[in-house]
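Take a look at the letters that make up each chain.
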Amino acid sequence: QVQLVESGGGLVQAGGSLRLSCAASGRFFGSYGMGWFRQTPGKEREFVSAINWSGSTTYYADSVKGRFTISRDNAKNTLYLQMNALKFEDTAVYYCATRRVGSTKPREDYEYDYWGQGTQVTVSS
């Protein structure tokens, strides 16, 4: 069992920055990949970014590439998402999730088994 708690969301003007955090507990954090997804009402959950267990490999959706940076601190059991140059269309609830061991598709939400409760990010235009 893994518990994930996101924080750092809020209201920001377009062009601004936010840093999301995801604190994990319940399983050895350094043994699995992690990801960030987002969702807006009426839309399917969307892949944002993913990172492997060591942090050496990262993945980004085209819509956030160059603006968002995913990272992790295994000593602190924490995943991060630095979001810069935020746009109105980045408004969503952001979720962190743990990737199944052996997963080969980091962009697919069905490859993730534990999810946080989400944190709201609202970008005003």
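You'll find the structure just up there.
Residues numbered from 1 in each chain as written. Predicted model: local features only at pLDDT ≥ 70, side-chain atom pairs only at ≥ 80, totals over all residues. Heavy atoms only, no water.

**Details of unusual backbone geometry**
Leaving glycine aside, a negative phi is the common case for residues, and trans is the common case for peptide bonds. The phi torsion at Asn77 lies on the positive side, around 55 degrees, for a residue other than glycine. Judged by relative accessible area, Asn77 falls into the partly exposed class, the value being 29%. Positive phi values are uncommon outside glycine, yet Ala85 reaches one of about 50 degrees. Topologically, Ala85 is positioned in the loop between strand E8 (78-83) and strand E9 (92-99). (Buried < 20%, exposed > 50% of the residue type's maximum accessible area, 1.4 Å probe, protein only. Helix = DSSP H or I, 4+ residues; strand = E, 2+ residues; numbered from the N terminus.)

**Some remarks on the state of the cysteines**
Tallied over the entire structure, the rule returns 1 disulfide. Across the disulfide from Cys22 sits Cys96; the S-S distance is 2.0 Å. Across the disulfide from Cys22 to Cys96, rotation about the S-S bond amounts to roughly 60 degrees, and the bridge is consequently right-handed. Residue Cys22 is located in strand E3 (residues 18-25), and its partner Cys96 is located in strand E9; the two are separated by 74 residues in the primary sequence. Residue Cys22 is classed as buried on the basis of its relative accessible area, which comes to 0%. Cys96 sits in the buried class, given a relative accessible area of 0%. (Disulfide = S-S within 2.5 Å.)

**Side note on the sheet that holds strand E7 (residues 68-73)**
The strand order across the open sheet formed by 4 strands is E1-E3-E8-E7, and the pairing between neighbours is antiparallel. The sheet is open, and its two borders are formed by strand E1 (3-7) and E7, each paired with just one other strand. Each neighbouring strand pair of the sheet contributes to a mean axis angle of 15 degrees, computed without reference to strand direction. Where E1 meets E3, 5 bridges bridge the pair, whose relative direction is antiparallel. Note that in E3 the partner of Ser7 across the bridge is Ser21. (Pairing = 2+ DSSP bridges. Axes fitted to C-alpha atoms, helices over the stretch in contact; angles between N-to-C directions.)

These values are about where atoms sit, not about what they do.
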